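Each chain is listed here by its residues.
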Amino acid sequence: MPAIKALFVTSELAGLAKAGGLGDVSAGLPLALRQRGIDIRLLMPAYQDVIAKLGSIDWLDELPGRGGIPPARIGQTRLPDGMTLYLVAAPALFDRRGTPYCTPEGADWGDNHLRFARLSLAAADIAAGRGGLGWTPDIVHANDWPGGLAPAYMRWDGTKTPTVLTIHNIAYQGNFDASQRHTLAIPDAAFDINGVEFHGRVSFLKAGGFYASHVTTVSPTYASEITTETQGAGLHGLMETRAARGQLSGIVNGIDASWDPGSDPHLPHHFDPDDLGGKHANADAVRTGLCLRPSEGPLFGIVSRLVHQKGLDLVAEAANDIVDNGGQIVVLGLGDPEIEHMLNRTSRRHRDDIGVLIGFNEPMARRIVAASDFTLMPSRFEPCGLTQMQAQRYGALPIAHATGGLADTIDDGTTGFLFATPSSDALMAACRRAFNAFDNQGQFDDMRRAAMARCFSWAGAAAQYEALYRRLVPSSLTARSQPNRRRPAAPVSDALEPAA
């Protein structure tokens, strides 16, 4: 079969600019696809920190602006893992300190609509053969709202290349004031319920969800959940329509191979399912580092963004019972100041048994997971989640609300514990099951071995994405000799029809 050329459009990339799980996906999935023979290349903004971290960059053509979107240059470099990275350089938009989305103080950049429209427009230009790359993709794979306008610009330009949009969290939609639609070069006809309009605003995520050839999300259960009013964040009708047309899929994420308790360089003590001495030593080190008392009871770990979605208020409500039953809790994360204060107050009530670290660093995150007997994940919703997979590999049995990817990746009673409703009572009932297993050494050892034997590599996801690409691409392969071929723009009303 001919090699497929794919452009992977992302706002984050672990190792260069990461704000959340999308950065890990962008590092893991394309590499696994390349190992399957896909000619996949990354496209992301040329953030200030990214330029500083990279070596040499070959600067190619300048791409034109459109509406109020400024021109940009395209740069090309090769990453240490061999991946080709294209960079969208618009200094007025990206040459600044902060995260991909926020100022150093944590506020959203006021021009995020321009910044990520610029990324999406660059993807559309590359799909049309512009940019001086000497390479034109057969398919464009955009991610989340920052890439959501890429399928839309391609449709409005009449570019036939098929597109995939992956929704990593439907709650984050990139919604902006309707007055920006001309600045963003959005046709008047597209500012409609059958287009980019969402409750009187411009929605980048809706644009991608509406115009893409196919929509994916990060677990089968979440794909079903986002078609419902309770979890579709207002886009449930669109997602239900895509599902009914066979244009919505759920594909579980993976974790990278560095999550290996026998070789992880961040761990002071390595271990395996047959020799857990190193795991116990890690637990002792974490307890000492957080000034917790020595204990023979179970250690419950939390490594998480501290936001309402993650259900950490339920942990605070259950904390007394967990400690009274002989457990201890360690928390690492940052996020909503109110949740940070809540967890700190809980820790102060149990100074010897609950430790909280506000902040994040990768070595400490891995050490807490490696030290824990159980990992608490009472998320109200969880599109996929990575921590529960990492925890199982490290023998820290997850205790999780049965939602999204948590339900798809945890075998209740075998590799972890699931509970049906996001409440403190349901969480504590699952914790009691965990205490019982901990007290039954044979059962606990069996569960831990089963969890550590799970394979969560990117290979499975890559195989499913390759199959999807091949389903969407075949008719466009014949057009490779005419990469700039056009057709008239499709009417907005038929935008849900496949592009290829």
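Residues numbered from 1 in each chain as written. Predicted model: local features only at pLDDT ≥ 70, side-chain atom pairs only at ≥ 80, totals over all residues. Heavy atoms only, no water.

**Q** I would appreciate a short explanation of helix H16 (residues 441–452) in the present structure.
**A** Helical geometry: 3.6 residues make up each α-helical turn, so side chains three or four residues apart lie on a common side. The first and last C-alpha atoms of H16 sit 16 Å apart over twelve residues, in line with the 16 Å expected at 1.5 Å per residue. For H16, the full list of buried residues reads Phe444, Met447, Arg448, Ala451 and Met452. Along the long axis of H16, the arc covered by the buried residues comes to 125 degrees, so they all point the same way. Check the buried side of H16 and you find it contacts helix H9 (277–289), strand E16 (374–377), helix H13 (387–393), strand E17 (397–401), strand E18 (417–419) and helix H15 (424–439). (Helix = DSSP H or I, 4+ residues; strand = E, 2+ residues; numbered from the N terminus. Expected span 1.5 Å × (residues − 1). Buried < 20%, exposed > 50% of the residue type's maximum accessible area, 1.4 Å probe, protein only. Arc of directions from axis to C-beta. Contact = heavy atoms within 4.5 Å.)

**Q** What should I look at first to understand the pattern of salt bridges in this one?
**A** Two side chains that carry opposite charge are able to pair once their charged atoms sit near each other. What the rule picks out here adds up to 17 salt bridges. Asp24 is paired through a salt bridge with Lys18; the nearest N and O atoms lie 3.0 Å apart. According to the relative accessible area criterion, Asp24 is partly exposed, its value standing at 22%. Given the relative accessible area of 39%, Lys18 is considered partly exposed. Where Arg366 meets Asp264, a salt bridge forms, and the shortest distance between an N and an O atom there is 2.9 Å. (Salt bridge = Lys/Arg side-chain N within 4 Å of Asp/Glu carboxyl O.)

**Q** Where do I start with the nonpolar core in this structure?
**A** What tends to happen in soluble globular proteins is that the nonpolar side chains get buried as a cluster. Leu7, Leu29, Leu43, Tyr153, Phe204 and Tyr469 are the most contacted members of the largest nonpolar core, which totals 95 residues. Looking at this core, the element that brings in the most residues is helix H4 (residues 112–127), giving ten residues. Excluding anything up to four places from it in sequence, Tyr469 contacts Ile4, Ala6, Leu33, Ile38, Ile40, Ile139, His141, Val164 and Pro474. Counting residues in each nonpolar core, the second largest holds 36 residues, with Val315, Ala318, Phe374 and Ala451 among its members. (Core = buried A, V, L, I, M, F, W, Y, C linked by side-chain atoms within 4.5 Å.)

**Q** Explain the environment of Ala463 to me, please; I cannot follow it from the model alone.
**A** Here Ala463 lies in helix H17 (residues 459–472). Judged by relative accessible area, Ala463 falls into the partly exposed class, the value being 29%. Taking the C-alpha atoms as reference, Ala463 lies 8.7 Å from Ala32; in sequence the two are 431 residues apart.

**Q** Where do I start with the pairing of strand E2 (residues 39–45) in this structure?
**A** Along any regular strand, the residues point their side chains to alternate faces of the sheet. With six of seven residues buried, E2 is to be regarded as a mostly interior element. As judged from the five bridges shared by strand E1 (residues 5–9) and E2, these two strands associate in the parallel manner. Pairing of Phe8 across the sheet is with Leu42, part of E2. In this fold, the crossover linking E1 to E2 by way of helix H1 (residues 21–35) has right-handed handedness. Bridge count for E2 against strand E5 (residues 84–89) is five bridges, and the pairing is parallel. Its bridge partner being in E5, Leu43 is matched across the sheet by Tyr86. (Pairing = 2+ DSSP bridges. Right-handed = clockwise from strand over helix to strand, strands pointing away.)

**Q** What exactly am I supposed to notice about a positive patch on the surface here?
**A** Among the surface-exposed residues, Arg345, Arg348, Arg349 and Arg351 lie close enough to one another that they form a single positively charged patch. Turning to its location among the elements, Arg348 is positioned in helix H11 (residues 337–349). (Patch = residues over 30% accessible without salt bridge, like charges linked within 9 Å, V, L, I, M, F, W, Y side chains within 5 Å. Areas by Shrake-Rupley, 256 points an atom, 1.4 Å probe, with all protein chains shown as cover. Lys, Arg positive; Asp, Glu negative; His and termini not counted. Charge placed at Lys NZ, Arg CZ, Asp CG, Glu CD.)

**Q** Explain the packing of aromatic side chains to me, please; I cannot follow it from the model alone.
**A** The way to describe two aromatic rings as a pair is by their centre distance and the angle between their planes. On inspection of all chains with the given rule, the structure shows 20 aromatic pairs. On the numbers, 5.4 Å between centres and 55 degrees between planes, the contact of Phe300 with Phe435 is tilted. On the criterion of sequence distance, the pair formed by Phe300 in strand E13 (residues 299–303) and Phe435 in helix H15 is long-range, its members being 135 residues apart. Under the relative-accessibility criterion, Phe435 is labelled buried at 7%. (Phe/Tyr/Trp six-rings, centres within 6.5 Å; stacked < 30°, edge-to-face > 60°.)

**Q** Can you help me understand the sheet that holds E5 in this one?
**A** Think of a sheet as strands paired side by side through backbone hydrogen bonds, with each pair either parallel or antiparallel. Spatially, the nine strands line up as an open sheet ordered E3-E4-E5-E2-E1-E6-E7-E11-E12, and their pairing is mixed. At either end of the open sheet lies a strand with only one pairing partner, and these are strand E3 (58–63) and strand E12 (248–250). Sheet twist, expressed as the mean angle between neighbouring strand axes with direction ignored, is 25 degrees. The strands touched by helix H6 (residues 204–211) within the sheet are strand E7 (163–167) and strand E11 (214–217), with E7 carrying the most contacts at an inclination of about 135 degrees. (Axes fitted to C-alpha atoms, helices over the stretch in contact; angles between N-to-C directions.)

**Q** Quick question: what am I supposed to make of the pairing of E16 here?
**A** Neither face of E16 is left uncovered, since the one carrying Phe374 and Leu376 and the one carrying Thr375 and Met377 both have all their residues buried. Relative to E16, E13 runs parallel, the two being bridged by two bridges. Paired with Phe300 across the strands is Phe374, a residue of E16. As paired strands, E16 and E17 are joined by four bridges and run parallel to one another. Within E17, the residue paired with Met377 across the bridge is Ala400. Viewed along the sheet, the connection from E16 through H13 into E17 turns out right-handed.

**Q** So what exactly am I meant to see when it comes to the sheet that holds strand E15 (residues 354–358) here?
**A** One open sheet holds the six strands; their spatial order is E15-E14-E13-E16-E17-E18, and the pairing between them is parallel. Sheet topology places E15 and E18 at the edges, where each strand pairs with a single neighbour. Strand after strand, the sheet turns through a mean of 15 degrees between neighbouring axes, direction not considered. Along the sheet, H15 makes contact with E13, E16, E17 and E18, crossing E18 at roughly 160 degrees. Contacts between H16 and the sheet are confined to E16, E17 and E18, with E17 contributing the most and set at about 80 degrees to the helix.

**Q** Is there a simple way to explain H9 in this structure?
**A** Its 13 residues give H9 an end-to-end C-alpha distance of 18 Å, which sits within 8% of 18 Å, the value for a rise of 1.5 Å per residue. Taken as a whole, H9 has its buried residues at Gly278, Lys279, Asn282, Ala283, Val286 and Arg287. Tucked into the core, H9 has its buried residues touching E13, strand E14 (328–333), helix H12 (362–371) and H16. Count one or two residues on from H9 and you reach Cys291, which has phi positive near 60 degrees.

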